[in-house]
Amino acid sequence: MRKFLVTVVFMLGVAVLSLSQENVIDGLVLDAETGSAIEGVQITNISTKIGTVSDKKGSFQLAVRNNQAVHLLLKHISYESLEIKADPLQNKELTIRLNPKITYLDEITVIGKYDKTRPYRSEKVTLKEMEKSNISGIGNFLRNEPNVGGVRKGALGIDPVVRGFKYSQLNVQINGGTKIEGGCPNRMDPATAHVDLNDLQSITIFKGPYALKYGPNFGGVIDMTTKSIRFYNKFENHVDVMAGAQTNYTGFKSSVGVHGGNNLVGYYLKANYKQYSDYESGDGQIISSSLEQYNVAGSIGIQPAEGHIVEVGLDRSWGRNVDFPALPMDERNDDTKLFNLSYLGTAFGESINFLRFKVYKSNVEHEMDNKNRPFSDTVVAISNIKAINAGGKLGVNLNLFKGRLETGVDYEQISKDGVRNKSLIMQPNLPSFNEDLWNNALIKNLGVFAEWQKTFKSIDFIAALRYDYNTAISDTLIRNKPNGDAVYEDGNTSSSFNNLSFSAGITWNISKKSSLLFALGRGSRSPDMTERFIILLPISYDPYDYLGNPQLKPEINHEADLGYRFAHQKMGAIEASLFFSYVTNYILGELEPPSTVKPQTKGVLGVKRFTNIDKAYLTGFEFTYVTAEQYKWFVSLNAAYTMGINPEAIQYIYEGVEVVDEQIIKNDPLPEIPPFEANLSFGYKFLQQKLTPELNIRMVAAQNRVSVANNEKTSPAYTTFDFILNYRYNEFLRIYGGVTNIFNTNYYEHLNRNIIGSTTPLYEPGTVFYMNLIINL
């Protein structure tokens, strides 16, 4: 009996000791964007308040007891805090990824959980996706996103098209509010062309007229988030280096950045340079596409107290000798200055989440000429344009009515002036003369906005309201002949509008895995600088001179979106969306009688003046699937389609260059709408996720739904294959290599313009081999 009792006591003692024995969780903390290790992360066991700090390699060890539930809280001054739950018996080795903080705290970052509950479609391009690509232009890069196309006219400046909406129908900005107005009337330098892809942390596309706090929103918002300053617990310095080179479209891109600071001051300095030559299409055709671009940028931030940040930034960029074979001119010089000042406060107590203020100014000086065109031996033309965009934003985010209310005011002022100097080589008795492209044009927009979000059990609700007061004026729109006689003159150039936009939507969380989304919105936008004030220039895909109309009415988009989201830890994620847009006062060009105004460009058929038609329709869908992150293999698929309809269009019948008749076309497709497209990617992660081969297949259907009234041409289907090999040597070094258009397919996008003076479309590059080297120290 005594032996039995001793044995029982001994076994109980062993059990107690085993229960009280400590296990050690080994962890690794990485940057979610770059994959680099993070030093100085505070890891705390919430249950016991016991914690530790990650070392230079991002590693940490934390002792826990077997019978305890482990809730870990990770905090770092430069990263978003994260709380995770781990089973100490099953998760002894953890890899944790933290999202970097954006110092100005974009709406997405501040709202946090509300971002995933937005009831409308959005796409987000990450830093990793940009790093592994050979593409150097933002517009070109965005063409890989579902229902996003681009108008190519040359080596640079591909103009984004989202769900059939383009140009100023999209609100394109930087860091949640900074804007740039390009100089070229033909949009060879849209806002995306003035930002270097290497400077970006991410790109977010909000589709539809819903994200009203970003400014007037008609068809969608493209927000480019730049790499920004970070604050550190102790003084640190870091260096980022990128170098990339490629064959065909032969050239290179490079970038050097230095950033650092402490908990009081943070800074970021960066310089980029890229240069490319002409490329060959799939059939060996040489496409003029050389370019040279470089920029320097810097920002400094001060955090005088926790929760209060002031940041000042300056960016200078230069473009030199950029070819645009589909336009009458090439870019000779482009000098852009961008200044911004911002304040963010988050330490105001429980009622105020943040207070934000920012002002900015962009100044674009753009020079173009036709010296590389065959007709420059008879007429030499040089255009100089100055475009200034200045504005600001003040907003506050509050906990109100058991939800979150963000409200504020924003202002934008665009001024534009430009002249074209012509020298008639074959008429030496006529001196050179000037023609106005814009004549001291000015547009102002003052907006007030509010957005409220609230969760009702399984329903997430959001509603937004926006009012804009828009005014515009210009000096007299006038075009004279070389002898001084007036070809066209319009002195009635002033206009003003009161625009109201609003939206509402719900996300019904059916379960933890699936949600149903529904949104309704009304987005209004006033006519832009070109639509109001352009003076007789061929600026569209069709062969006409275009004339501005200062008395245009605002376009209004009435849109409905229906979506479904599904996310499963093992099955992956699905997102599907349908949309329908009913647009009133849609802006198109309408032929002017020759008795009113005659064309001034050789080879065009006539003059079109911007006008409002009663209505137009656009509808389409997007579908996306990605596999779960837990697997070594991965697959992603997206497909998208948009169609647009003009219920009643006018087709003009020509004999030579004279209009002899016209007819009404019922339900004519809207012009410049991309066709159906699908993208399939798959790959596998080898060597503990250090080596990842990836194959991308892009399948684009023929576009046979083209505008009969506008004599738009069809485009053929094509399929391209790209291969990418990603190698992550360690937290400091990453190498990306690949081949695009493996089978040297000869193809062009439907939205690509024709080479000037011909009916030949601008073909895309053939096979390209490339390599990118990324170093983060």
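Within each chain, residue numbers correspond to sequence positions counted from 1 in written order. In keeping with the predicted nature of the model, local features appear solely for residues at pLDDT of at least 70, side-chain atom pairs appear and are counted solely at 80 or more, and the whole-chain, interface and lining totals rest on all residues. Neither water nor hydrogens contribute to the side-chain values; these are computed over all heavy atoms in the structure.

### Some remarks on the side chain of Asp-199
And then number 1: Structurally, Asp-199 is set in the loop between strand 12 (171–174) and strand 13 (200–207).
And then number 2: We call two N or O atoms a polar contact when they sit within 3.5 Å, provided that within protein one can donate a hydrogen and the other can accept it, with sequence-adjacent residues counted only if both atoms are side-chain atoms. A polar side-chain atom of Asp-199 sits 3.2 Å from a polar atom in the side chain of Asn-295.
And then number 3: Sequence-distant contacts of Asp-199, that is, excluding residues within four places in its chain, are made with Thr-226, Lys-227, Lys-270, Asn-272, Asn-295 and Asp-315. Strands are runs of DSSP state E lasting at least 2 residues, helices are runs of H or I lasting at least 4, and numbering of each runs from the N terminus. Only heavy atoms matter for contacts: two residues are in contact if any of them lie within 4.5 Å across the pair.

### Describing the pairing of strand 30 (residues 495–509)
And then number 1: When DSSP finds two or more bridges between a pair of strands, those strands are recorded as paired. Two strands pair when backbone bridges link them, and strand 27 (residues 459–473) and strand 30 are joined in this way by 14 bridges, in the antiparallel orientation. Bridge pairing in strand 30 links Phe-461 to Ile-506.
And then number 2: Here strand 30 pairs with strand 31 (residues 514–525) via eight bridges, running antiparallel. Residue pairing across strands places Thr-507 opposite Leu-517, the latter belonging to strand 31.

### Some points on the domain arrangement of the protein
And then number 1: On domain assignment, one finds that the protein holds domain 1 (2–98) and domain 2 (191–776).
And then number 2: Where each domain starts and ends follows an automatic or database-derived domain assignment. Placing a centre on the C-alpha atoms of domain 1 and another on those of domain 2 gives a separation of 47 Å.
And then number 3: Each side of the interface is counted separately: domain 1 has 15 residues, and domain 2 has 12 residues.
And then number 4: One side-chain nitrogen of Lys or Arg within 4 Å of one carboxyl oxygen of Asp or Glu is enough to make a salt bridge. The interface formed by domain 1 and domain 2 contains two salt bridges.
And then number 5: The residue Glu-39 makes a salt bridge to Lys-234 at a minimum N-O spacing of 3.9 Å.

### Some remarks on the environment of Leu-269
And then number 1: Take Leu-269: it is sitting in strand 17 (residues 265–276).
And then number 2: In this structure, the C-alpha to C-alpha distance between Leu-269 and Val-239, residues 30 residues apart in sequence, is 9.7 Å.
And then number 3: Apart from the residues within four sequence positions on either side, Leu-269 is in contact with Val-256, Gly-257, Val-258, Ala-297 and Gly-298.

### Focus: the sheet that holds strand 3 (residues 51–53)
And then number 1: Spatially, four strands are ordered 3-2-5-6 in an open sheet, and the strand pairing comes out antiparallel. In the strand order of this sheet, the two ends are held by strand 3 and strand 6 (79–86), each with one partner. For this sheet, the mean inter-axis angle between neighbouring strands, taken without regard to orientation, is 15 degrees.
And then number 2: Where strand 2 (residues 42–45) lies against strand 3, three bridges are found, and the strand directions are antiparallel. Looking at the pairing, Thr-44 lines up with Gly-51 of strand 3. Between the N-to-C directions of two axes lies an angle of 0 to 180 degrees, each axis being a line fitted to C-alpha atoms and, for a helix, fitted only over the stretch in contact.

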